[in-house]
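Coordinate analysis (summary)
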Amino acid sequence: MQRFSALYQALDETTSTNAKVAAMAEYFRAALPEDAAWAVYFLSGRRLKRLVGGARLRRLLVDSVDYPEWLTLACYAEVGDLAETVALLVEPIAAADAAVAAPGLAELIESELLPLGRCDEAQQGERIANWWKRLAHRERFLFTKLLTGALRVGVSQLLVARALAAAFGLPRSLIQHRLMGDWEPTAAFFGELTGPDDGSVAISRPYPFFLASPLDRDLQELGPAAGWLAEWKWDGIRAQLIRRRGQTFLWSRGDELITGRFPEVAAQAERLPDGTVLDGELVAWRGGVLPFAELQRRLGRKRVGAKLLDAVPVKMLVYDCLEFGGRDIRDSAQAVRRASLEQVAVAAGFELSPLLAFDDWEALAAARAQARELGVEGLMLKRGDAVYETGRRRGGWWKWKIDPLSIDAVLIYAQAGHGRRASLFTDYTFAVPDERGELKPIAKAYSGLSDAEIRELDRWIRRNTLERFGPVRAVPAQQVFEIRFEGIAESPRHKSGLALRFPRIARWRRDVDAASVDSLADVRRLLALGARTIPLDD
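Residues numbered from 1 in each chain as written. Predicted model: local features only at pLDDT ≥ 70, side-chain atom pairs only at ≥ 80, totals over all residues. Heavy atoms only, no water.

Helix and strand counts for the protein stand at 20 helices and 21 strands. Taken against the 2.2 N^0.38 rule, which gives 24 Å for 538 residues, the C-alpha radius of gyration of the protein at 26 Å falls within 12% of a compact globule. In terms of overall dimensions, the protein has a C-alpha envelope of 75 × 65 × 50 Å along the principal axes. Every one of the 538 residues in the protein was classed for burial, and the buried ones make up 52%. Within the protein, contacts between residues separated by at least 24 positions form 71% of all contacts whose residues are at least 6 apart in sequence. If you sum the accessible surface of the protein, you get close to 25100 Å²; carbon and sulfur atoms cover 49% of it. Taken together, the 74 basic and 72 acidic charged side chains of the protein have centroids lying 1 Å from each other. (Helix = DSSP H or I, 4+ residues; strand = E, 2+ residues; numbered from the N terminus. Rg over C-alpha atoms; globule rule 2.2 N^0.38 Å. Buried < 20%, exposed > 50% of the residue type's maximum accessible area, 1.4 Å probe, protein only. Contact = heavy atoms within 4.5 Å. Areas by Shrake-Rupley, 256 points an atom, 1.4 Å probe, with all protein chains shown as cover. Lys, Arg positive; Asp, Glu negative; His and termini not counted. Charge placed at Lys NZ, Arg CZ, Asp CG, Glu CD.)

Side chains on a regular strand alternate between the two faces of the sheet. For strand 10 (residues 378-383), the buried fraction is high: five of the six residues fall into the buried class. With five bridges joining them, strand 10 and strand 12 (residues 397-401) adopt antiparallel strand pairing. What sits directly across from leucine 381, in strand 12, is tryptophan 398. (Pairing = 2+ DSSP bridges.)

So, on to the confidence of the model for the protein. Confidence in the prediction of the protein, expressed as mean pLDDT, is 88, and 94% of residues score 70 or more. Under a pLDDT of 50 for its full length, residues 96-100 has, in the predicted model, five contacts with residues more than four places off or in other chains. (pLDDT = per-residue confidence, 0-100.)

Moving on, we come to the pairing of strand 14 (residues 425-433). Counting buried positions along strand 14 gives nine out of nine residues, so the element sits mostly inside the fold. By the bridge criterion, six bridges tie strand 13 (residues 405-416) to strand 14 in an arrangement that is antiparallel. Within strand 14, the residue paired with leucine 411 across the bridge is phenylalanine 430. Where strand 14 and strand 15 (residues 439-445) come together, six bridges link them in antiparallel fashion. Bridge assignment links alanine 431 to a residue of strand 15, and that residue is proline 441. The antiparallel pairing of strand 14 with strand 15 creates a hairpin that spans five residues between the two strands, and glycine 437 there sits at a positive phi of about 90 degrees.

Moving on to unusual backbone geometry. At arginine 245, a position not held by glycine, the phi torsion is positive, near 50 degrees. Locating arginine 245 in the fold gives a position in the loop between strand 4 (237-244) and strand 5 (247-252). Accessibility expressed as a relative area gives 68% for arginine 245, which makes it exposed. Even without a glycine there, the phi angle at phenylalanine 502 is positive, about 55 degrees.

Here it is in structure tokens:
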């Protein structure tokens, strides 16, 4: 636990990618395999489920310190993070004794944390309070983060793979491949992860996804248009479809096995020959692509019933072939892989994401202008000779998304942020008026302001708080902001009846007053912009 907490601190204290990789590599070389396996688990973005509720932990905190309840909770409200508050307020035993008492990461999780789910509340409280007092500040913080399932580490799985590759002298691509799919954080798994390359790959395991970069340059800088392929950027979820040894596996880009959620796709895959891996997009489809909100009705379900299958039909639009005849063809050119895709996928009845015909960049720009009304997110540009790389590599694939929608809305609520922003109000709720003039919350946003603007707005919020609802402060409807977002959909779960996709702050509108913000009717009119669908034979 001490080694991992030292690593966590080292990662938190630097923004240097090379320094992060070096710190992780050093940890992996020295850690016990069982501890290293759990470290990989957390560093690669996986989490334990919440073991104890937040309200229960706050009560335990109040009972574990010598401060009055009001002062303890006031400290928590000011700090804004429960784990950090615990680390600051709980008085530990002597540091030397705490160092001796700290177990390894695997022992702490497997012998102490996971068994908490089988304890009653009294036992839970006793064991948690005991560990809070036995662990030093840094370990106490991590212990509480693990309890809440809220541990976040500022690295990606790609950086973890780089560190493991550096530590054990293995190809990074091999490590990335071994990290895909289902695995348990055990010493045996870590041994397999870092063992010699024997050429074996689990039958179900997908390839690491190749990710497109946002187009950040003039089209002319890409060279002649004839060297590129273009497709619509579909509003669905990315997936890999695997057919090996008579079995089918469907993986999301989030490294989740989702075969059972899309039985129609799995059934169709039975017509694929063994040794085939396809890359594509799962979309809700009825005569054309449906809004993403429809697809969301199918997500998050282990199994779907006949009624939902009928209400939200889904198909997989395929656009790449990664394995053909049992052979990895990712190093083949994009155009070659497309030809392999056409050969294997069409014969099995899959529909290909159609290529757009264009003679020059001006014609392609004109096609992109129609994207929103056709219900797609923009265009994908793929260089004809590009190989299928791992992760986000610039140059081979570009995503040229449609320009975002925007509205002017007024700030009505604010809440303190987390981590380094825990002492500032940085989480905002915005609203627009309905037909009666009543403000309806329309979006929450957390990004888009400069540090100076955040500090200025924080001071205004503190001076102008009308009411408090726990950590939330209500403020006068005076500050107007331009909010940008990628899409909009009906949503009965929201008071406004609408949900904005990926909202963020574009600018602080100091030039207008609250009376001039957009109305709920204005926002509803934006729904019509995505009303059409695009059939595959267009």
